[in-house]
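The chain contents come next:
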Amino acid sequence: MKEQHSNTVDITPSVRIFTVLRNTGFDIKAATAELLDNAVDANAREIDLYAYISDQGKKNLLVVDDGMGMSTDALKASLTLAELSKGGIDELGKYGMGLKTAALSLSRKFEIFTMTAKSGIVMYAEFDVDKMEEKNKFEAEIREATEDEANFFLSKLGRGKRSGTVIRIADCDRFDPSATTYANQMEIYIGKYFKNFIEKGLSFTVSDVPGKGKRIKPIDCLMRNDQETQIVADREEVKISYSDGGRDATTMVLITAAVMPKPFPRNEYDEIVARPKKRDEVPVTKANQGIYFFREQRLVAPARATLNLFGDKNGAKTRFRIEIHFKSELDNEINMDFHKGNVKPTSRLASQLSDAIRPYMRKMADIIDAEEMEETNKRAKARSSQIWEASPIKEWDEKDKIASAESVNEFLRTANSDEIFDALQKKHKPLTDSLKRDKPDLGEYSGKSLTELVSDLSSVDFSNKQTATVAPEVNYMDAVSYSAAVGKTLKSNSTPKEVKEAILENLGLGHLVKEILSK
C-alpha cells in the first residue's frame, strides 16, 4: 500500500480582505457607535464627534475622547484584526473587529492620534488599504507624531487634557447624508443608545463643523419621566442559567416593563388629538413596540419582537415596551453579531426570558383593557348626556305630556339636512363621527329642509326592508334623523310616547307612527 503524504500550506488571507470587510453591512450610525464604544471603554469623560467638509470638498469624520489613550502595544492591537486589547469582560468591545470594520465601512483609510498620561508623547498610526494592497503586505505605520500632527491632536483634545485619542477618517466615500443631516441623526441615536452613560455624567457632543457641538441629552426608550407612563416592572432581577465553556453557570438580567402614554389622547373637549412630538422621546408607534436589549448598559437591539418572546407586533401592543439588560457573559447565548445590532437568543435563553416577561405582558394587557372599558363607559355616559342636550323639544307639559308644536315647527322650518349634520358634527363630534363616515351622496336631496325631505319620503314603505336598504336617501334620512335632535328625541326611552307621536305628526309621518315607534 502506497504511503500517504500530507503537506501543510500557507492560507494567510490576501490583503484584499480589507476591501471585502468594507462590505460587512455597517450603516453609518452603527459604524459611528462602534468608534464611540472604544472611547467609552477608555474611561473617557468627554467624547466629541465632528462631521464636516474639508477644504478639498471631502467628507471627514473625527471622534475625539479624553480617555486613557493607548500605549504602542495597544495601538498595534487596535489595528490588528480580531486582536483583543482590552481586558475586562464588562467592556463594550467584543470581537476586536469594531474599529477596523467600522472605519473601513466609511473610507479606505483612517488615522489614530493618541497619548497616555504616563508617556506624555503623542503617537500616530495610519491604516491605509491602498498602501497595503500595493505592497501586498499586512502592515500599518506607527510612529511618534510630527509637530503638526501633535498640535492638531492637542487642539482637538484640549490643552488641559493629559490623555486621549483622536480618530480621523478622511475622504469618506461611503458617507451618504449631508454633514448636517448626519449630526441631527447622531444626536438622537447617541441619546438613545448611550442613554445610561449620559445619565451617569459622560458628555457626548456632535457637530457638523470642525468646532465643538452641543451636548447630547439622553433619550429614554421607556419614557419614565412622563407622568402617563405606567411602570409594570422596574429593573426586576431574573436569574438566568447559561453555558460557560461547557460548564453550567448563572447570571442576572434586569427587566423593566412599561405601558407607554396614549399616542392619541383626548383633550378637554373630548376630541382625539395627536400626542405632541418631542425630540427626547421615542414616539409611541407600532414600529417602536417590543423588547429593547441592553448589553453592558448600551442599547444594542431596539424594539425587537422576537416571536418566542414578545410575539408579533400589532396594534393591541403599540404601547408595550420592555427593557432587558444583560452582561457580556451572555454573549454566546444572546447570539449578537459584531455590529452589535442584532440579537437571536438561543432556545434555552429565550425560554427563560419568556417565562420571566409573560406575567408583565399580561399586566400590560390588563391595563389597556381597563382603560378601554373606562373610556367606553365614559363615552356612553357622555353620549347619553349629549343626546338629551341636543333635543329641540326643550320643554313639554309634564302634566299633559303634549309636545310644543311651535318648537317642532320652528325646527323643521329653519334646519336643512346638511346644516343640521354639520352643526352637530362641530358641537357633538363624538355623536356623529360614525355617521359621517357612512354619509352618502344626497344628490337632488342635498340642501332640502327636513320638511321637504319628509314630504318626498313619506310615501316610502318603511316596513319594506328591501326599499330601506337600496335607497341611499332613505338611509341618510334615517342617519340625519338619528343624529339630529328629532331622531334622538324619538329614540330616547325617556321621551314620553305622546311626545314622540306629536313629533311624527308634525313631520308628516303620522300614518307611520306604529311602524317607526316599534323599531
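What counts, and where the lines are drawn
- Residue indices follow the written sequence of each chain, beginning from 1 at its first position.
- With pLDDT at 70 or above as the cut-off, local features in this predicted model cover only qualifying residues; side-chain atom pairs require 80 or more to be listed or tallied, and sums for whole chains, interfaces and linings still use all residues.
- The basis for every side-chain value is the complete set of non-hydrogen atoms in the structure, without hydrogens or water.
- Take the buried residues of types Ala, Val, Leu, Ile, Met, Phe, Trp, Tyr and Cys, join any two whose side-chain atoms come within 4.5 Å, and each joined set is a nonpolar core.
- We call a residue buried when its accessible area falls under 20% of the maximum for its residue type, exposed when it is over 50%, and partly exposed in between, using a 1.4 Å probe and counting protein chains only.
- Numbered from the N terminus, helices here are DSSP runs of H or I no shorter than four residues, and strands are runs of E no shorter than two.
- Any two residues whose heavy atoms approach within 4.5 Å at even a single point are treated as in contact.
- Between any two strands, at least two bridges found by DSSP are needed for them to pair.
- In this description, a line fitted to the C-alpha atoms serves as the axis of each element, helices being fitted only across the stretch in contact, and the angle between N-to-C directions of two axes falls anywhere from 0 to 180 degrees.
- Note that the term roughly parallel is reserved for angles under 35 degrees, roughly antiparallel for angles over 145, roughly perpendicular for angles of 65 to 115, and oblique for everything else.
- Less than a right angle of anticlockwise turn of the near helix away from the far helix marks a crossing as left-handed, whereas a clockwise turn marks it as right-handed.
- Each residue gets one label: Ala, Val, Leu, Ile, Met, Phe, Trp, Tyr, Cys and Pro are nonpolar, Asp, Glu, Lys and Arg are charged, and the others, such as Gly, are polar.
- The rule for a salt bridge is simple: a side-chain nitrogen of Lys or Arg has to be within 4 Å of a carboxyl oxygen of Asp or Glu.

Peer 1: Residues and numbers for the nonpolar core, please.
Peer 2: If you look at the biggest cluster of nonpolar residues, it comprises 63 residues, and the most contacted ones within it are Ile47, Leu61, Ile112, Ile169, Ile190, Phe194 and Phe204. Per-element accounting of this core gives the leading share, eight residues, to helix H2 (residues 28-41). When residues no more than four places from it in sequence are discounted, the contact partners of Ile112 are Met70, Leu75, Ser78, Leu79, Leu99, Met123, Tyr124, Ala125, Thr165, Val166 and Ile167. Grouped together as the second largest cluster of nonpolar side chains are 33 residues, Leu309, Ile324, Val343 and Ile357 included.

Peer 1: Now, about the sheet that holds strand S7 (residues 203-207): what can you tell me, with residues and values included?
Peer 2: If you walk across this open sheet you meet the eight strands as S5-S4-S3-S6-S2-S1-S7-S8, and the pairing is mixed. At either end of the open sheet lies a strand with only one pairing partner, and these are strand S5 (141-144) and strand S8 (214-215). With five bridges joining them, strand S1 (residues 46-53) and S7 adopt parallel strand pairing. If you follow Glu46 over to S7, its bridge partner there is Ser203. Sitting on the sheet, H2 touches S1, strand S2 (59-65), strand S6 (164-169) and S7, and the angle it makes with S2 is about 20 degrees. The sheet strands contacting helix H3 (residues 72-79) are strand S3 (109-115), strand S4 (123-128) and S5, and the helix crosses S4 at an angle near 15 degrees.

Peer 1: Could you give an account of the packing of H2 against helix H7 (residues 179-193), with specific residues and numbers?
Peer 2: Geometrically, a packed helix pair is captured by the angle between its two axes and the distance between the axes. Remark: H2 packs on H7, axes separated minimally by 11 Å, with the N-to-C direction vectors making an angle of 60 degrees. The angle between H2 and H7 places the two elements in the oblique class. Read as a crossing pair, H2 and H7 show a hand that is right-handed. Counted together, Ile28, Lys29, Ala30, Thr32, Ala33 and Leu36 of H2 and Tyr182, Gln185, Met186, Tyr189 and Ile190 of H7 form the full contact between these two elements. Across the contact of H2 with H7, the residue classes tally to eight nonpolar, two polar and one charged.

Peer 1: Account for the sheet that holds strand S12 (residues 298-304), naming residues and giving values.
Peer 2: The five strands lie next to each other as S9-S10-S13-S11-S12, forming an open sheet whose pairing is mixed. In this open sheet, the two strands that pair with only one neighbour each are strand S9 (230-244) and S12. With strand direction ignored, the average angle separating the axes of adjacent strands in the sheet is 20 degrees.

Peer 1: Provide a residue-level description of the pattern of salt bridges, including the pertinent values.
Peer 2: Inspection of the entire model under this criterion finds 28 salt bridges. One salt bridge connects Asp331 with Arg295, and the closest N-O pair in it is separated by 2.9 Å. Taken together, the positions of Asp331 in helix H9 (residues 331-334) and Arg295 in strand S11 (residues 290-295) put the pair 36 residues apart, joining distant regions of the chain. For Asp331, a relative accessible area of 8% translates into the label buried. Among the residues examined, Arg295 registers a relative accessible area of 2% and is labelled buried. Note that Arg358 is salt-bridged to Asp355, the shortest N-O span being 3.3 Å. One end of the pair, Arg358, and the other, Asp355, are both in helix H10 (residues 347-390), three residues apart, so they sit about a helical turn from each other.

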